[in-house]
Amino acid sequence: MSESSTELKFKAKFVSPLEKVFYFREPKDSLFETKAYWNETLSFQFCFQAEKTALVYIEMETNAGEYVQLRYPKAIPALVPDFYCDYREERRDGYRYFTENAATYYPDKLEEIPHEFTVRKNWWFSIWITVNRGIPVGEYSVKIKVKLKTQEIILVEKKQSFSILSVPLEKSDIPVSCWMYYDCLADAHRLPLFGEEYFEVLYNYFTFCTQH
């Protein structure tokens, strides 16, 4: 951890891409894959928290060039995070992030990182790191720096190493089942359900899913 003359203290760590990073609680110290087949996409997250509100920007140093992509998981309002009815208590299960039935925000939409943005006091933020497939075999690293916008001071920096193996990920005949919200996809793109344009979007959607 780096500390500046502003005495602005940060916490930071790398976590799994499967970890949901919420503003109001510290993400778990989760293991994640640091080795990938040469035709596989690799992802992980850089998480950080400041003890004071500040205007910052993000810098990256890497020897992986354009294969590494940084994005910001934008928080999306979730009005019904926990389905619950007084007369249907049996419908609840143990796979819930929140036990209270209250509106909240979920990290969901990956967007380009703003040139500068405000980190709120004691909130947790994350940066989504993607190592795109096709990168040559070898050993690599990525270093993320959070800088104070007004003074060019490095508030915190962390480095993560990863490696690309010389063997490809072979195709598998294992069937995969996923719940698919066809109506939500149509609503997000403002398209008639199961129309010609809708199927073009659906094709792109499944293509992207298989790549990741």
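Just so you know, these numbers come straight off a predicted model, no measurement behind them.

S.K.: Tell me about a nonpolar patch on the surface, and name the residues and values.
M.R.: On the surface, a cluster of nonpolar side chains totalling about 570 Å² of accessible area is made up of Tyr 182, Leu 193, Phe 194, Phe 199, Tyr 205 and Phe 206. The dominant element in the nonpolar patch, judged by the number of residues it contributes, is helix α2 (residues 196–211), at 3 residues. Here Tyr 182 lies in helix α1 (residues 182–188). Taking relative accessible area as the criterion, Tyr 182 reaches 33% and is therefore assigned partly exposed.

S.K.: So what about the packing of aromatic side chains? Which residues, and what values?
M.R.: This structure, assessed with the given rule, holds 22 aromatic pairs. Look at Phe 22 and Tyr 106: their rings are 5.1 Å apart centre to centre, the planes differ by 85°, and that puts the pair in the edge-to-face class. You can see Phe 22 sitting in the loop between β1 (10–15) and β2 (35–36) and its partner Tyr 106 sitting in strand β6 (residues 104–111), a full 84 residues away along the chain. For the pair formed by Phe 22 and Tyr 106, the shared burial category is buried. Positioned over the ring face of Trp 124 is Lys 13, at 5.8 Å from the centre of the ring.

S.K.: Let's hear about the pairing of strand β3 (residues 42–50): which residues, and what values?
M.R.: Strand residues, when the strand is regular, have side chains that alternate between the two faces of the sheet. Taken across its 9 residues, β3 has 9 buried, putting it largely inside the fold. Where burial is concerned, the two faces of β3 agree: the one with Leu 42, Phe 44, Phe 46, Phe 48 and Ala 50 and the one with Ser 43, Gln 45, Cys 47 and Gln 49 are both buried. With 6 bridges joining them, β1 and β3 adopt antiparallel strand pairing. What sits directly across from Lys 13, in β3, is Cys 47.

Conventions adopted
- Residues numbered from 1 in each chain as written.
- Predicted model: local features only at pLDDT ≥ 70, side-chain atom pairs only at ≥ 80, totals over all residues.
- Heavy atoms only, no water.
- Patch = residues over 30% accessible without salt bridge, like charges linked within 9 Å, V, L, I, M, F, W, Y side chains within 5 Å.
- Areas by Shrake-Rupley, 256 points an atom, 1.4 Å probe, with all protein chains shown as cover.
- Salt bridge = Lys/Arg side-chain N within 4 Å of Asp/Glu carboxyl O.
- Helix = DSSP H or I, 4+ residues; strand = E, 2+ residues; numbered from the N terminus.
- Buried < 20%, exposed > 50% of the residue type's maximum accessible area, 1.4 Å probe, protein only.
- Phe/Tyr/Trp six-rings, centres within 6.5 Å; stacked < 30°, edge-to-face > 60°.
- Lys NZ or Arg CZ within 6 Å of the ring centre and 35° of its normal.
- Pairing = 2+ DSSP bridges.

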